[in-house]
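An overview of the molecular structure
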Amino acid sequence: MKLSEKRVVFNEGICKSCGLCVHICPTNVIFLADYLNGNGYRPAAVVDQGNCISCGKCSQVCPDSVISVFRPVKILQTV
Ligand code: SF4
Ligand code: SF4
């Protein structure tokens, strides 16, 4: 999957593994990875980008501004 196709991007190096984003996600697509980041925390990640609805709740709740959410847009052509 290319970066432009992702709806949620985590700056995993600064995640502190608090789990708030995991609990608030309405589609349960966020999990904590089974490896550690450079600070010794299990970083959050999205397991299924296709089921993310770009609601932005994970980004709003994250205390460390780890998460960026993108919304797909339709490009209208004018003639
Ligand atoms: S934007 Fe919404 S649906 Fe997508 S991962 Fe975040 S909380 Fe879940
Ligand atoms: S809310 Fe932020 S700091 Fe907490 S687990 Fe999610 S991404 Fe990491």
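Quick summary incoming for the structure in this document. None of these values were measured; they are calculated from a predicted model. (Residues numbered from 1 in each chain as written. Chains lettered and ligands numbered in written order. Predicted model: local features only at pLDDT ≥ 70, side-chain atom pairs only at ≥ 80, totals over all residues.)

A short note on the overall build of the protein
Keep this limit in mind: Here a strand is any run of E in DSSP of at least two residues, a helix any run of H or I of at least four, and the numbering for each starts at the N terminus. Our exposure labels follow a C-beta count within 10 Å of each residue's own C-beta, placed from the backbone: buried means 20 or more other C-beta atoms, exposed means 12 or fewer, and partly exposed covers the counts in between. What counts as a contact is two residues whose backbone-derived C-beta atoms lie within 7 Å of each other.
Across its full length, the protein holds two helices and four strands. With the C-alpha coordinates aligned to their principal axes, the bounding extent of the protein is approximately 55 × 25 × 20 Å. Looking at the protein residue by residue over its 79 residues, the buried ones come to 18%. When contacts within the protein are restricted to residue pairs at least 6 apart in sequence, long-range pairs at least 24 apart make up 62% of them.

Side note on the site of ligand 2
Our working rule: Put plainly, near means the residue's C-beta atom, positioned from the backbone, lies within 6 Å of the molecule or strand in question. Classes in brief: Ala, Val, Leu, Ile, Met, Phe, Trp, Tyr, Cys and Pro nonpolar; Asp, Glu, Lys and Arg charged; the others, Gly included, polar.
Within the structure, ligand 2 sits among 14 residues, and Cys 15, Cys 18, Cys 21, Cys 62 and Val 66 are positioned closest to it. Taken together, the residues of the shell around ligand 2 sort by class into ten nonpolar, two polar and two charged.

Here we look at the nonpolar core
Short version of the rule: Remark: nonpolar core denotes a set of buried Ala, Val, Leu, Ile, Met, Phe, Trp, Tyr and Cys residues whose joining runs through C-beta atoms within 7 Å.
In this structure, Val 8, Phe 10, Cys 21, Ile 30, Cys 58 and Ile 67 are the most contacted members of the largest nonpolar core, which totals 13 residues. If you list the elements that add at least two residues to this core, you get strand 1 (8–10) and strand 3 (44–46). The residues touching Ile 67, leaving out its near neighbours within four places in the chain, are Val 8, Phe 10, Cys 21, Cys 58, Ser 59 and Cys 62.

What to know about unusual backbone geometry
At Asn 28, a residue that is not glycine, the phi angle is positive and equals roughly 55°. In this fold, Asn 28 is placed in the loop between helix 1 (20–24) and strand 2 (30–32).

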